[in-house]
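Chain and residue survey
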Amino acid sequence: MWEIQLKTRASPSSTPSSTNDKDNHTHMALSSSELTASRVVIALLAAFGAFVIIYTIATDGQPFRKDVWAVPWVKATVADFYVNTFFLVWWIYYKEQNLVSRIFWILTVLCLGSPVTCIYVLLQFLKLRPGDSVSKVLLNETTSRSIKPKGK
């Protein structure tokens, strides 16, 4: 159906020692246009998520009404959201080095959902410069600094 192709570029600081793929030191480096596009898409998703929540509250009222919870799909959707959120919270706990920052981001993600998740990811992307590896978004600072190309 849909196929996602990951583009890799050789790290500027590394030179492959052979033509063997496992020796080719590449990482997911983003070009300036890819970085800008990523930031724009993430910001649009945050705005869309916030709009949906605000619009739904404005037109249907607060979600904490007894009649809302009578629908089985609401319960299933909320359970599914929090199962996924568990892994997101786990990542935030790993990524954030400061206890106050960990608590702040975890609580806001748990309480406000996908708009805050998008803002958190957007802030991680705003730290990147063109040519940086996507691993800087995924890994914490300590791990990210300790990864060096083979042969260095």
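Shown above is the structure to which this text applies.
Residues numbered from 1 in each chain as written. Predicted model: local features only at pLDDT ≥ 70, side-chain atom pairs only at ≥ 80, totals over all residues. Heavy atoms only, no water.

1. Regarding the overall build of the protein
The criterion, for reference: Here a strand is any run of E in DSSP of at least two residues, a helix any run of H or I of at least four, and the numbering for each starts at the N terminus. Under the scheme applied here, a residue whose accessible area is under 20% of the maximum for its type counts as buried, over 50% as exposed, and between as partly exposed, the area being computed with a 1.4 Å probe on protein chains only. By definition in these notes, contact holds between two residues if any of their heavy atoms fall within 4.5 Å. Methods summary: accessible areas were calculated by the Shrake-Rupley approach with a probe of 1.4 Å, and residue burial reflects only the protein chains presented.
From N to C terminus, the protein includes six helices and two strands. If you list the helices and strands of the protein from N to C, you get β-β-α-α-α-α-α-α. Taking all 152 residues of the protein together, 28% fall into the buried category. Contacts in the protein between residues at least 24 apart in sequence constitute 60% of all its contacts with a sequence separation of at least 6. Put simply, the protein shows about 11,200 Å² of open surface, and 68% of that area lies on carbon and sulfur atoms.

2. A closer look at helix H1 (residues 32-60)
For clarity, the cut-off: Here the expected span of a helix is defined as 1.5 Å times the quantity of residues minus one.
The end-to-end C-alpha distance of H1 is 42 Å, a good match for the 42 Å that 29 residues give at a rise of 1.5 Å each. Listed in full, the buried residues belonging to H1 are Glu34, Leu35, Ile42, Ala46 and Gly49. Phi for Gly61, located one or two positions after H1, is positive at around 90°.

3. A closer look at helix H4 (residues 114-126)
Counted at 1.5 Å a residue, the expected span for H4 with its 13 residues is 18 Å, and the 18 Å between its end C-alpha atoms agrees. Taken together, the buried positions of H4 are Pro115, Val116, Thr117, Cys118, Tyr120, Leu122, Gln124 and Phe125. Against H1, helix H2 (72-95), helix H3 (99-112) and helix H5 (135-138) lie the buried residues of H4.

4. Comments concerning the layout of surface pockets
Quick note on the threshold: Of the two site types, the cavity is a set of points on a 1 Å grid over the protein atoms alone where a 1.4 Å probe fits but cannot get out, and the pocket is an open set with protein on both sides within 12 Å along at least five of seven lines, each lined by residues with an atom within 4 Å of a point. Grid points are joined across faces, edges and corners, and a volume is the space filled by probe spheres set on the points. For this classification, Asp, Glu, Lys and Arg are treated as charged, while Ala, Val, Leu, Ile, Met, Phe, Trp, Tyr, Cys and Pro are nonpolar and the rest, including Gly, are polar.
In this model, the largest pocket occupies a volume close to 890 Å³. Lining the largest pocket are 27 residues; nearest its centre among them are Ile53, Pro63, Phe64, Val78 and Cys111. Mapped by element, the contributors of at least two residues to the lining of the largest pocket are H1, H2, H3 and H4. Among the elements that make up the lining of the largest pocket, the one with the highest residue count is H1 (eight residues). Across the lining of the largest pocket, the residue classes break down as 18 nonpolar, seven polar and two charged.

5. So, the nonpolar core
Note the cut-off: Residues enter a nonpolar core if they are buried and are Ala, Val, Leu, Ile, Met, Phe, Trp, Tyr or Cys, with the set joined through side-chain atoms within 4.5 Å.
Ranked by size, the top nonpolar core spans ten residues in total: Leu30, Leu35, Ile42, Ala46, Cys118, Leu122, Phe125, Leu128, Val134 and Val137. Ranked by size, the runner-up nonpolar core spans nine residues in total, among them Val89, Trp91, Trp105 and Val116.

6. Details of the pattern of salt bridges
The cut-off we apply is this: Definition used for salt bridges: Asp or Glu carboxyl oxygen within 4 Å of a side-chain nitrogen of Lys or Arg.
What the rule picks out here adds up to three salt bridges. Of the charged contacts, one joins Asp60 and Arg65 as a salt bridge, the two residues approaching to 3.5 Å between their closest N and O atoms. Taking the shortest distance from any N to any O, the salt bridge between Asp67 and Arg65 comes out at 3.1 Å. Residue class for Asp67 comes out partly exposed when judged on its relative accessible area of 49%. What makes Arg65 partly exposed here is its relative accessible area of 26%.

None of the figures reported here should be taken as evidence of function without further support.
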